[in-house]
2 protein chains.
Amino acid sequence: MKPEHPAPIEWHFSQRAQQLQSSVIREILKVTMRPEIISFAGGLPSPETFPVERMRIAHDAVLSRQGKTALQYGTSDGYAPLREWIADSLSLEGSRIMPEQVLMLSGSQQGLDLLGKVLIDEGSKVLVETPSYLGALQAFSVYRPEFVSIPTDEGGLIPEAVPEIAQGARLLYALPNFQNPTGRTLSVERRSALVHTCASLGLPLIEDDPYGALSYRGNPLPKMLNMNPGGVIYMGSFSKVLTPGIRLGYVVAPTTLIRKLEQAKQAADLHTAQLTQMVVYEVIKDGFLDSHIPTIRSLYAEQCQVMLEALEEFFPQEASWTRPEGGMFIWVTLPSHIDSLTLLDEAIAQNVAFVPGAPFYANTPALNTLRLSFVTVPPEKIREGIARLGKLIAAKL
Amino acid sequence: MKPEHPAPIEWHFSQRAQQLQSSVIREILKVTMRPEIISFAGGLPSPETFPVERMRIAHDAVLSRQGKTALQYGTSDGYAPLREWIADSLSLEGSRIMPEQVLMLSGSQQGLDLLGKVLIDEGSKVLVETPSYLGALQAFSVYRPEFVSIPTDEGGLIPEAVPEIAQGARLLYALPNFQNPTGRTLSVERRSALVHTCASLGLPLIEDDPYGALSYRGNPLPKMLNMNPGGVIYMGSFSKVLTPGIRLGYVVAPTTLIRKLEQAKQAADLHTAQLTQMVVYEVIKDGFLDSHIPTIRSLYAEQCQVMLEALEEFFPQEASWTRPEGGMFIWVTLPSHIDSLTLLDEAIAQNVAFVPGAPFYANTPALNTLRLSFVTVPPEKIREGIARLGKLIAAKL
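From a predicted model like this one, the values you see are computed outputs, not experimental measurements.

With that settled, consider the interface of chain A and chain B. Listed by partner, the interface residues are 97 residues for chain A and 97 residues for chain B. Between chain A and chain B, roughly 8400 Å² of surface is buried when both sides are summed, and carbon and sulfur atoms account for 60% of that area. Taken together, chain A and chain B are joined by six salt bridges. Note that Asp113 of chain B is salt-bridged to Lys117 of chain A, the shortest N-O span being 2.7 Å. Elements represented by at least two residues in the side of chain A that touches chain B include exactly α2 (52-71), α4 (108-119), α5 (134-141), α6 (188-201), α7 (224-227), α8 (255-269) and α9 (274-284) of chain A. Looking at the side of chain A that touches chain B element by element, the count peaks at eleven residues for α2 of chain A. Class assignment for the residues of the side of chain A that touches chain B results in 43 nonpolar, 38 polar and 16 charged.

Written as structure tokens, this is what we have:
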């Protein structure tokens, strides 16, 4: 048969599709892939921490022992032994989490999409930190909410500011541990106040926690989930404690919501890969993370310290920055007349990259902010890159 | 800290979430997992066809050689060598498909969700076959379209019927090869007529093709994609030719649409697992599917033949059924006074299961229809199950 090609059609996108944009960060990452660039722009964990050999052995074991099961369709809620493991790991005395409260996800980003899908109507108010995780803003924005920025200070979001902006809100999204992008941690007092405020308002509280285990001192603060399992939606991920390329995360919530999310997941991608779930369970079931996570923590703590010292040495005193106690990011605030987007152009010309702060704001951005990641850059390069950036900033004072 | 638990909140779901229901099929499957049940209800490929050992070796090779890359975050569009392989495999002389027209998916079901997201507004008309794939109806229904049923006969959808119902439609969804649920195949003439009708109407045509390679005689009909690459959205999957549990599929479309789908995918789950894509590429790059697919074809062809012969022998002449030339399903039409949902209760009491036809209809269902799958049931059980069903039906005449 000879193909005939009629004229291409014009695409008529949905209103919601018009909210979609490519992530600014992913665009910057493309520019900064050149090997000569010292890039603080990434949000990628260090591949040095990936337990490659252990993953290889686990794939081998699962495929040898249970290959046909691992390669067949699975259930939408996820692999039962892994859900049990997660429920156990999150349970505390007085706050028992049940396996049926756990839904496995194809990466925790998927949880943001599913939550937006089942909780947000067009024009719904959604409360977010200032600034907030860009991927959450992207995922929610598809469902066309009205974002409301929660006032924030050095200690993160201010719970007392919530009631006056919460009228009619459908959810509050927070990242309490070593937040992306600021590296800030919400204190126990604020967690407790936030949980109680949301509960009294009947407002679902999303606790997004990809970095929680990466506390440098190994003493993570209590989870909001355990303060109120009936009103907190907890999101976890294996990306930062194991490897991100396998795409495995989970959401924990009351069963009424989980069953609705499960239906949304079924329509969205049927289920998360069986093999991946069985392999991760094989890797972690005997306590591997207990010995593995401390190695990630100490690597990141060391590199964070190198960057903090370099900032102290090379950045002008007019700049300020956060001092994270875990995670992957430092947040810098420059004098208000400096636009970090302009600075980025100059920095790239000097072979240094970072992410400007503006895209992390749901509403009015602070143009004089930027995010630095230290986890994939070796110490000597961290010092070199920060020195170059410091010089560029000093020239603008 | 002593946990305190405020009262659980009441969930306020979005309007779109109220469209969501658990798949009837998945509910039936739970009932029919008992080993004594002869189940024709499944839509699962036969695990006998899974190349388990080859998958194990490929995981081993990829993790040994490129472990850190395979376990790191990847790009939203997918693993480049695999996208090239897919583009090549779909290219014909005169209709070249480029890798940038291919977006990798976490299973082809995800393509239905993403297409619904970027193409459907509330109340948009969406044209579907009568009956149609349940998973597509589920995925699209989240975006609250108005489904319009395309008139259908023994040869599948009738292209001439499209123009009068297409006013204002946003897409037409078709499954031309060995359709789920009917097993019907659209003729070359109808494909060509449909492509030209859609092109002249400026109507995007989705060609969902999970079963295309499973033509029993090994002579698949031309793809609508190649008849009009500028107006056809093609969806493919590795679930039926390799294994489904890894969740890997793809969508092929003009780049304007692919870039929008890529943004939607980024917000939905960032990207599809790198490791999975690299492993599948490792498995298929040297022509493995050319020798593997014929083994699946002949298994399914044989079991289909057993079921057709059993239907001939045991079903009353008042029933009729399709005679598929590929794929996994036979569609049965009973005398109009027999409700297949009632029949299912009686069948399960006799330890036989199938899927009633009603859920496959977007609008008015034909209650006297049912779907049978023959791929996971051994021949002697097929005969036994069909004999029991035939007796139940005969008793209703």
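Residue and element names in this part refer to chain B. Burial along strand β10 (residues 249-252) is two-sided: the face carrying Gly249 and Val251 and the face carrying Tyr250 and Val252 are both buried. The pairing of strand β2 (residues 102-105) with β10 spans four bridges and is classified as antiparallel. Paired with Val102 across the bridge in β10 is Val252.

A separate point is the environment of Gly390 of chain B. Residue and element names in this part refer to chain B. Summarising the element assignment, Gly390 is placed in helix α12 (residues 379-394). Each C-alpha atom of the pair Gly390 and Ala319 lies 9.4 Å from the other, and the pair is 71 residues apart in sequence. Sequence-distant contacts of Gly390, that is, excluding residues within four places in its chain, are made with Phe314, Phe315 and Pro316.

Our next topic: helix α2 (residues 52-71) of chain B. If you check α2 of chain B, its first and last C-alpha atoms are just 21 Å apart, much less than what 20 residues at 1.5 Å a residue would give, namely 28 Å. Along α2 of chain B, the sharpest change in direction is near 90 degrees and occurs at Arg65 of chain B. Those residues of α2 of chain B not exposed but buried are Val52, Met55, Arg56, Ala58, His59, Ala61, Val62, Leu63, Gly67, Ala70 and Leu71 of chain B. Those residues of α2 of chain B hidden inside the fold are in contact with α2 and α9 of chain A together with α9 (274-284) of chain B.

What follows is about the UniProt feature "domain: Aminotransferase class I/classII large" (unreviewed entry) in chain A. Per the UniProt annotation, the sites labelled "domain: Aminotransferase class I/classII large" (unreviewed entry) are residues 61-389 of chain A. The span residues 61-389 of chain A shows a helical share of 41% and a strand share of 16%, and its end C-alpha atoms are spaced 48 Å apart.

A few words now on the domain arrangement of chain A. Residues and elements named next belong to chain A. Domain boundaries in chain A define domain 1 (16-50 + 290-394) and domain 2 (73-286). The partner domain 2 presents 33 residues to the 33 residues of domain 1 that form the contact. Across the interface of domain 1 and domain 2, roughly 2900 Å² is buried in total on both sides, 65% from carbon and sulfur atoms. Of all residues in domain 1, the largest losses of buried area upon contact with domain 2 belong to Arg297, Glu325 and Phe360, amounting jointly to 21% of the total for that side. Linking domain 1 with domain 2 are ten residue pairs in polar contact (both at pLDDT 80 or more), by the criterion used here. Counting residues per element, the ones that place at least two in the side of domain 1 that touches domain 2 are α10 (288-314) and β12 (329-333).

Turning to the pattern of salt bridges, a few remarks are in order. Considering all chains together, one arrives at 36 salt bridges over all chains under this definition. A salt bridge links Glu53 of chain B to Arg56 of chain B; its shortest N-O distance comes to 2.8 Å. In this pair, Glu53 of chain B and Arg56 of chain B are both assigned in helix α2, three residues apart and thus about one turn of the helix distant. Since its relative accessible area comes to 19%, Arg56 of chain B is described here as buried. Taken together, the shared-partner salt bridges in this structure form one network comprising Glu53 and Arg56 of chain A together with Asp60 of chain B.

Here we take up the packing of aromatic side chains. Summed over all chains, the structure comprises 14 aromatic pairs over all chains. Between Phe315 of chain B and Trp321 of chain B, the aromatic rings sit 6.1 Å apart at their centres with planes inclined by 90 degrees, giving edge-to-face as the arrangement. We note that Phe315 of chain B, like Trp321 of chain B, is buried. The ring of Phe13 of chain B is capped by Lys260 of chain A, whose NZ or CZ atom sits 5.7 Å from the centre of that ring.

Rules used in this analysis
- Residues numbered from 1 in each chain as written.
- Chains lettered and ligands numbered in written order.
- Predicted model: local features only at pLDDT ≥ 70, side-chain atom pairs only at ≥ 80, totals over all residues.
- Heavy atoms only, no water.
- Contact = heavy atoms within 4.5 Å.
- Buried area = accessible area lost by both parts, 1.4 Å probe.
- Salt bridge = Lys/Arg side-chain N within 4 Å of Asp/Glu carboxyl O.
- Helix = DSSP H or I, 4+ residues; strand = E, 2+ residues; numbered from the N terminus.
- Nonpolar A, V, L, I, M, F, W, Y, C, P; charged D, E, K, R; others polar.
- Buried < 20%, exposed > 50% of the residue type's maximum accessible area, 1.4 Å probe, protein only.
- Pairing = 2+ DSSP bridges.
- Expected span 1.5 Å × (residues − 1).
- Bend = angle between axes of the 7 residues up to and from the residue.
- UniProt positions renumbered as here; feature names shortened; annotations may be inferred.
- Domains from an automatic or database assignment.
- Polar contact = N/O pair within 3.5 Å; in protein donor to acceptor, adjacent residues only side chain to side chain.
- Phe/Tyr/Trp six-rings, centres within 6.5 Å; stacked < 30°, edge-to-face > 60°.
- Lys NZ or Arg CZ within 6 Å of the ring centre and 35° of its normal.

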